[in-house]
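# Observations on the model geometry
The residues making up each chain are set out below.
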Amino acid sequence: MSKNAPVRILAIVASVRPVRRADAVLAWWLTATRAVVNSCGAVVEVADLRALRLPLDDEPEEPHTGHYASPHTRRWSRMVTDADAILVITSENNHSLPASLKNAFDHLSAEWRDKPVAWVGYGNTSAGTRAVLAGKQVATTLGLVSTGPDVCLRLADWTGDLLPDDAGRDRAARDAVARLVGLARILRPLRAVSLPIPHLPEDLSAATATAADAAELLVLQRCCWVDEAIANNTLAVPAFREGLEDVQRMITEREVVVVRRGGRMVASVQAWRDAKNWRVARLMVAPDQRRRGLARLLLQHVEARYPDGPERVVLSTGEHSLGNITLYESAGFAVVGSSIPGSVDLAKPIRREPAA
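Residues numbered from 1 in each chain as written. Predicted model: local features only at pLDDT ≥ 70, side-chain atom pairs only at ≥ 80, totals over all residues. Heavy atoms only, no water.

### Regarding the pairing of strand 6 (residues 151-154)
In regular strands, side chains alternate between the two faces of the sheet. Filter applied, for reference: Think of it in three bands: residues with accessible area under 20% of the maximum for their type are buried, residues over 50% are exposed, and the middle band is partly exposed, with areas taken using a 1.4 Å probe on protein chains only. Think of it this way: any DSSP run of H or I at least four residues long counts as a helix, any run of E at least two long counts as a strand, and we number them from the N terminus. Whether two strands pair comes down to DSSP finding at least two bridges between them.
Burial along strand 6 is one-sided: the face carrying V151 and L153 is buried and the face carrying C152 and R154 is not. Bridging between strand 4 (residues 116-123) and strand 6 involves four bridges; their strand directions are parallel. Looking at the pairing, V120 lines up with V151 of strand 6.

### Concerning the sheet that holds strand 11 (residues 312-318)
Adjacent strands of a sheet pair through backbone hydrogen bonds, lying either parallel or antiparallel. To keep it simple, the criterion reads: Angles run from 0 to 180 degrees between N-to-C directions of axes, and those axes are lines fitted to C-alpha atoms, restricted for helices to the stretch in contact. Should any heavy atoms of two residues lie within 4.5 Å, those residues are considered in contact.
What the seven strands build is an open sheet, ordered 7-8-9-10-11-13-12; its pairing is mixed. Of all strands in the sheet, those with a lone pairing partner are strand 7 (204-208) and strand 12 (334-337), marking the two edges. Going from strand to strand, the sheet's axes swing by 30° on average, the running direction of each strand aside. Two elements, strand 7 and strand 8 (residues 255-261), share five bridges in a ladder whose sense is antiparallel. Bridging across to strand 8, A207 finds its partner in V258. Across the sheet, helix 11 (residues 294-303) is in contact with strand 7, strand 8, strand 9 (264-273), strand 10 (277-285), strand 11 and strand 13 (343-349); its angle to strand 10 comes to roughly 160°. Lying on the sheet, helix 12 (residues 322-330) is in contact with strand 10, strand 11, strand 12 and strand 13; it crosses strand 11 at an angle near 165°.

### Here we look at the pattern of salt bridges
Using the following cut-off: Salt bridges are counted wherever a side-chain nitrogen of Lys or Arg sits within 4 Å of a carboxyl oxygen of Asp or Glu.
The full count for this structure, using the stated rule, is 20 salt bridges. Notably, a salt bridge pairs D84 with R8, separated by 3.3 Å at the nearest N-O pair. One end of the pair, D84, is in the loop between helix 3 (71-82) and strand 3 (85-91); the other, R8, is in strand 1 (residues 7-13), and 76 residues separate them in sequence. A relative accessible area of 2% places D84 in the buried class.

### Here's the deal with the packing of aromatic side chains
For any pair of aromatic rings, the description consists of the separation of the ring centres together with the inter-plane angle of the planes. Threshold: Ring pairs shown here join Phe, Tyr and Trp side chains whose ring centres sit within 6.5 Å, with only the six-membered ring taken for Trp; geometry is labelled stacked below 30 degrees between planes, edge-to-face above 60, and tilted in between.
Considering all chains together, one arrives at four aromatic pairs under this definition. Between the aromatic rings of W76 and W112, the centroid separation amounts to 6.0 Å while the plane-to-plane angle is 70°, which identifies the pairing as edge-to-face. Residue W76 is found in helix 3, and its partner W112 is found in the loop between helix 4 (99-106) and strand 4; the two are separated by 36 residues along the sequence. You'll find W76 and W112 in the same group, each marked buried. Here the aromatic rings of F105 and W119 are separated by 6.4 Å at their centres, their planes lie at 55°, and the arrangement is tilted. Residue F105 is located in helix 4, and its partner W119 is located in strand 4; the two are separated by 14 residues in the primary sequence.

### As for unusual backbone geometry
With a phi angle near 55°, R53 is a residue other than glycine that sits in the positive phi range. Its place among the elements puts R53 in the loop between helix 2 (49-52) and helix 3. Assessed through its relative accessible area of 56%, R53 is described here as exposed. Of note, the phi angle at D57 is positive, near 45°, even though the residue is not glycine. Relative to the assigned elements, D57 resides in the loop between helix 2 and helix 3. For D57, a relative accessible area of 59% corresponds to the exposed category.

### Description of helix 5 (residues 129-141)
The test is simple: One fewer than the residue count of a helix, multiplied by 1.5 Å, yields its expected span.
Here helix 5 spans 19 Å end to end across 13 residues, near enough to the 18 Å set by a 1.5 Å rise per residue. Residues of helix 5 that are buried sit in contact with strand 3, helix 4, strand 4, strand 5 (145-146) and strand 6. G143 occupies a position one or two residues after helix 5 and carries a positive phi of about 95°.

Okay, here's the thing in structure tokens:
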């Protein structure tokens, strides 16, 4: 990811109670910080734990494995992974954080690491400070970096469900966002080495590609597509025609994952959303690293990161690339036609949880 890419702030609303003050707090925060969010080059996504409805510890494997069986956990993992910074809006429940927030933290592991977190607490006597302190213990254990100072709101100061005007409180919120964005940019290089991929061998590391990876990625794809060119008896392959600028543009416009063994790039995959599909492309493994299941792991990882909207995952390969077709069919894809002469398109439906 480019160092100048927008900082993505995930605003977590912790309370799941039917009647809550969290909505008013979130509305105030979004309004008070809108100008500084825009000027800092940031974007905000809201994660409402009441809407997400995460069950309690329902995964068959421990979070540190990164292997999630449930669509709701994969969706939550994707939201946190995609974030550069975390904002937590939390009530104080019995001198501590809500169980819903602790559960949301506990669902994941590596996704939190090396990201800054800012806190907005609210409550009665302590103004939510005890919830924030309890939350910080959990967040620090998970590798999050609290920015401080926190913004805390005392419910006794409210008029019904409305916060009174307070220029000092608004200024504190803006200052917190500026610190959050600044620290997120500083920590980006650290986060690049902690992309969780289930069952990835310990001697391999995965990262989101950056501009610095472009040259090596270009070499890898040209190396990997030699076999495809031979199998399909053609050199008219996009992977051969693309230059460094093309690869740099892909890194900017798509989700590109690279895998290294030591310092060497050995595999990669790309994905992006179009109007109807979650598209997967450039799934490649260096010739001497094949037949170890790495291609399947990358395919499973990028499949599971589909955004809201698309109904199916789509990819293409050469019509005579029998090894690729066999791999994709064993992963649940089916041939659906050909959009380019000499190639075949394969697709599989995206499985979604029924609405609660």
